[in-house]
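# Summary of structural features
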Amino acid sequence: MTTEENIISELSAKFNYLSGKITIQRPRRIYLEVGLENFLEVFDYIVKKLGFSHLCTITGLDEAQNLGFIYHLAKAPGLLINLKTSVLKENPVLKSVMEYFPSAEIYERELVDLFGAKVEGLPQGHRYPLTDDWPKEQFPLRKDWKLAEHKK
Amino acid sequence: MHDSHDFKIPVGPQHPALKEPESFSLALKGEKIMGVDIRLGYNHRGIEKACEERSYIQDVYLIERICGICSHAHSTCFVQAVEEIAGLAVPRRALYIRTLVAELERIHSHLLWLGVAGHEIGFDTLLMYAWRDREIVMDILALLTGNRVNYGINTIGGVRRDIDADEIQQILKAMDTLEERTKYYIEVVTEETTIIERLAGVGVLSHDDALRLDAVGPTARASEVKRDVRSDDPYAAYGEIPFNVITDNHNDVYGRTVVRVKELMEAYQIIRFALKNLPEGPIEVKAPRKIPAGEAVSRYEAPRGENVHYVKANGTENPERVKVRAPTLANVQAVKHMLKDRFLADMSIVVAAIDPCFSCTDRLISIKNLDNADTKIINWEEIHSYGIKWYAERGVDFSDLNKRFAERMGNR
């Protein structure tokens with residue numbers, strides 16, 4: 001078995017609900033999706049037990065009813081797990097992963113500014129990347145936000 | 001006198017010591033930095049949103065303009081993701097040409113950094129030397145791609161320009177000159193007391209902290225973190241090219257300088273290997289206008305560190321989502337850590353040592369004559385000779401200097 005297949009079988013054995021839901025798109029690229037209720041335990045296991053100790057970034061996605069978040073976690077040499085979770089757009093609350101990765105701060109602030117996510121556990125601080133006088137409740141990377149409507 | 005009194009001083013968003021807008025608020029006790037507060041985002045241009053509203057091929061050019069220095073890094077990272085989704089088999093010759101331009105870009109970027117680093121510590125001779133030599137690689141990039149920056153060499157499915165035997169000879173000749181010059185820089189960096197004394201022990205980032213704070217690129221490698229996408233997760237032709245990942249254990253600005261000058265030497269070897277083993281064949285495959293639904297994550301070792309692009313396709317001509325994480329963002333936490341408990345005077349070199357990005361010049365210059373309102377476009381050759389003539393009229397003659405430089409190169 002390849003390293004990637006080993007990781008899949010280990011994850012599937014540990015978390016039943018993941019079996020059959022993990023894909024290898026190409027060598028070194030693993031994709032999986034978990035519900036928000038299971039997110040932290042899977043995240044914890046991948047970081048602490050499987051040793052994916054480098055957070056590349058967090059990608060936000062607008063998926064109609066939901067907001068999706070992909071955590072790109074890397075492990076030497078070159079392995080990358082793309083762990084996705086999603087929340088309802090009406091109540092887009094998720095937990096900060098700053099206790100695992102201090103570098104997550106700036107990526108989580110991006111989710112707050114551009115997607116309107118509410119990240120619990122994110123300390124007080126400057127917003128990023130929008131300006132301080134950016135209008136409230138305007139989240140530019142949501143699909144219903146159109147630049148033309150905001151050009152004055 | 002006022003020991004318990006903390007001063008807060010703002011540096012930026014516009015500040016002579018910064019090359020691009022960002023804002024540092026430094027809490028000082030005497031000359032010591034007690035805490036750093038960084039505000040970013042002044043350069044946010046909404047490129048990710050703009051990508052969703054344009055076609056893939058338009059996005060290649062838009063993405064290339066994220067940065068004027070590592071433009072090839074961004075365009076390559078993006079097209080790699082799109083090619084993975086579309087299942088395109090990019091011809092090997094194209095992969096080698098991408099690698100070639102990538103390393104040329106690394107050379108120009110590292111030489112540029114070396115000059116800036118020299119400037120930040122008041123060693124402007126080094127700036128003049130490094131930037132003069134950087135012109136050699138800028139000329140090669142212009143020769144291969146037609147541009148000094150924003151090369152436009154990539155397209156989805158391959159590259160847009162082939163290279164010929166004459167160009168290969170010119171590149172090899174340039175590599176020889178640059179290698180000689182780099183040997184000299186390695187000598188300067190490792191033996192010149194002024195540099196060592198100024199840089200050693202400044203901007204310390206321990207090995208553990210580099211790992212904990214997810215540092216990337218030369219910043220991480222100077223803390224002995226062997227993290228380099230070119231060897232960890234090979235893309236383009238790097239899987240077929242032997243090279244060393246340079247690391248250093250000084251954990252400071254000095255180490256970051258050593259890593260960069262040594263990486264220059266590796267770049268010359270990679271280029272020589274790529275040119276010697278350049279495969280024959282086509283340089284691109286035809287890419288569909290509509291990219292089938294799918295997603296891909298692409299990683300790329302830019303001169304400043306790991307570049308990450310995520311692309312999601314929905315079967316149309318425009319991407320559903322494009323996410324870009326440039327290396328400077330990954331190193332922000334590390335900078336915060338490096339500045340704490342250090343002296344205010346170290347700030348500019350510590351910040352410069354992660355090599356944050358800034359823009360470059362264009363190749364054509366438009367000159368407006370204010371007296372008669374005539375506009376004249378002059379090309380690079382003309383401005384070059386104009387510069388020499390301008391100085392010659394004022395009694396500064398470079399021909400002797402150039403001759404001595406050539407002799408010295410010959411003697412080595």
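Overview of the structure. These figures come from a predicted structure and were not determined experimentally. Here the residue index of a chain counts from 1 through its sequence in written order. Going through the entries in the order they are written, you letter the chains from A and number the ligands from 1. The model is predicted, so local features are restricted to residues of pLDDT at least 70 and side-chain atom pairs to those at 80 or more, both for listing and for counting; the totals for chains, interfaces and linings are taken over all residues. To get the side-chain values, take all heavy atoms of the structure and skip hydrogens and water.

### Side note on the sheet that holds strand E8 (residues 321-325) of chain B
All names here are of chain B. The cut-off we apply is this: Here a strand pair is declared whenever DSSP counts at least two bridges between the two strands. Numbered from the N terminus, helices here are DSSP runs of H or I no shorter than four residues, and strands are runs of E no shorter than two. Under this scheme, a helix contributes an axis fitted over its contacting stretch, all axes are lines through C-alpha atoms, and angles between N-to-C directions fall in the 0 to 180 degree range.
Across the sheet, which stays open at both edges, the three strands sit in the order E6-E7-E8 with antiparallel pairing between neighbours. Looking along the sheet, the strands with just one partner apiece sit at the ends: strand E6 (294-302) and E8. Within this sheet the neighbouring strands show an average axis-to-axis angle of 10°, counted without direction. Of the strand pairs in this sheet, E6 and strand E7 (residues 305-313) are connected by nine bridges, and their pairing is antiparallel. What sits directly across from alanine 302, in E7, is glycine 305.

### Quick look at unusual backbone geometry
Looking along the chain, the bond that leaves A:Ala76 and enters A:Pro77 is cis, with omega of -5°. Position of A:Pro77 among the secondary structure elements: in the loop between strand E4 (66-75) and strand E5 (79-88). The linkage connecting A:Tyr128 with the following residue, A:Pro129, adopts the cis geometry, with an omega of 0°. Within the element layout of this structure, A:Pro129 appears in the loop between strand E7 (118-120) and helix H4 (147-150). Here the phi dihedral of B:Asp341 falls at roughly 65°; this positive angle occurs in a residue that is not glycine.

### With respect to helix H2 (residues 56-64) of chain B
Two residues of an α-helix separated by three or four positions point the same way, owing to the 3.6 residues in each turn. Put simply, the rule reads: For every residue, the accessible area obtained with a 1.4 Å probe (protein chains only) is divided by the maximum for its type, and the residue is called buried under 20%, exposed over 50%, and partly exposed between those limits. Taken from the helix axis, the directions to the C-beta atoms give the arc we talk about.
Taken together, the buried positions of H2(B) are B:Tyr56, B:Asp59, B:Val60, B:Ile63 and B:Glu64. Along H2(B), the residues classed as buried sweep out an arc of 130° about the axis, all on the same side.

### Focus: the packing of aromatic side chains
Rules: Geometry of aromatic contacts follows a simple scheme: Phe, Tyr and Trp rings, the Trp one being its six-membered ring, pair when their centres are within 6.5 Å, and the pair is stacked under 30 degrees between planes, edge-to-face over 60, tilted otherwise. A ring is considered to have a charge above it if a Lys NZ or an Arg CZ atom is located within 6 Å of its centre and within 35 degrees of its normal.
Applying the stated rule across the entire model yields 14 aromatic pairs over all chains. Ring centres of A:Phe43 and A:Tyr71 lie 5.6 Å apart, and the angle between their planes is 70°; this geometry places the pair in the edge-to-face category. Residue A:Phe43 is found in helix H2 (residues 36-49), and its partner A:Tyr71 is found in strand E4; the two are separated by 28 residues along the sequence. Of the residues examined, A:Phe43 reaches a relative accessible area of 0% and is grouped as buried. Consider the rings of B:Tyr184 and B:Tyr185, whose centres lie 5.8 Å apart with planes at 50°: the pair is tilted. Aromatic rings pair up to connect A:Phe39, A:Phe43, A:Tyr71, A:Tyr100 and A:Phe101 into one cluster. In this arrangement the basic side chain of B:Arg39 is found over the ring face of B:Tyr42, its NZ or CZ atom lying 5.8 Å from the centre.

### Describing the interface of chain A and chain B
To keep it simple, the criterion reads: Note on definitions: a residue-residue contact is assigned when non-hydrogen atoms from the two residues lie within 4.5 Å. When two parts are put together, the accessible area they lose, computed with a 1.4 Å probe and summed over both, is reported as buried area. What makes a salt bridge here is a side-chain nitrogen of Lys or Arg within 4 Å of a carboxyl oxygen of Asp or Glu, nothing more. Here a polar contact means two N or O atoms within 3.5 Å. Within protein one must be a hydrogen donor candidate and the other an acceptor candidate, and residues neighboring in sequence count only if both atoms are side-chain atoms. Here the nonpolar group is Ala, Val, Leu, Ile, Met, Phe, Trp, Tyr, Cys and Pro; Asp, Glu, Lys and Arg are the charged ones; every other residue, Gly included, is treated as polar.
With 46 residues of chain A at the interface, the matching set in chain B holds 36 residues. Buried area between chain A and chain B, both sides added, is near 3,400 Å², and the carbon and sulfur share of it is 48%. Interface area lost by chain A to chain B is led by A:His54, A:His126 and A:Leu141, which between them contribute 16%. In this structure, the connection of chain A to chain B is made through eight salt bridges. With a closest N to O distance of 3.0 Å, A:Glu110 and B:Lys323 form a salt bridge. Taken together, the links from chain A to chain B amount to 27 residue pairs in polar contact (both at pLDDT 80 or more). Of all the secondary structure elements, the ones that give two or more residues to the side of chain A that touches chain B are strand E1 (23-26), strand E2 (29-33), strand E3 (54-63), E4, E5 and helix H3 (104-115) of chain A. With 10 residues, the top contributor of residues to the side of chain A that touches chain B is E3(A). Class assignment for the residues of the side of chain A that touches chain B results in 23 nonpolar, 12 polar and 11 charged.

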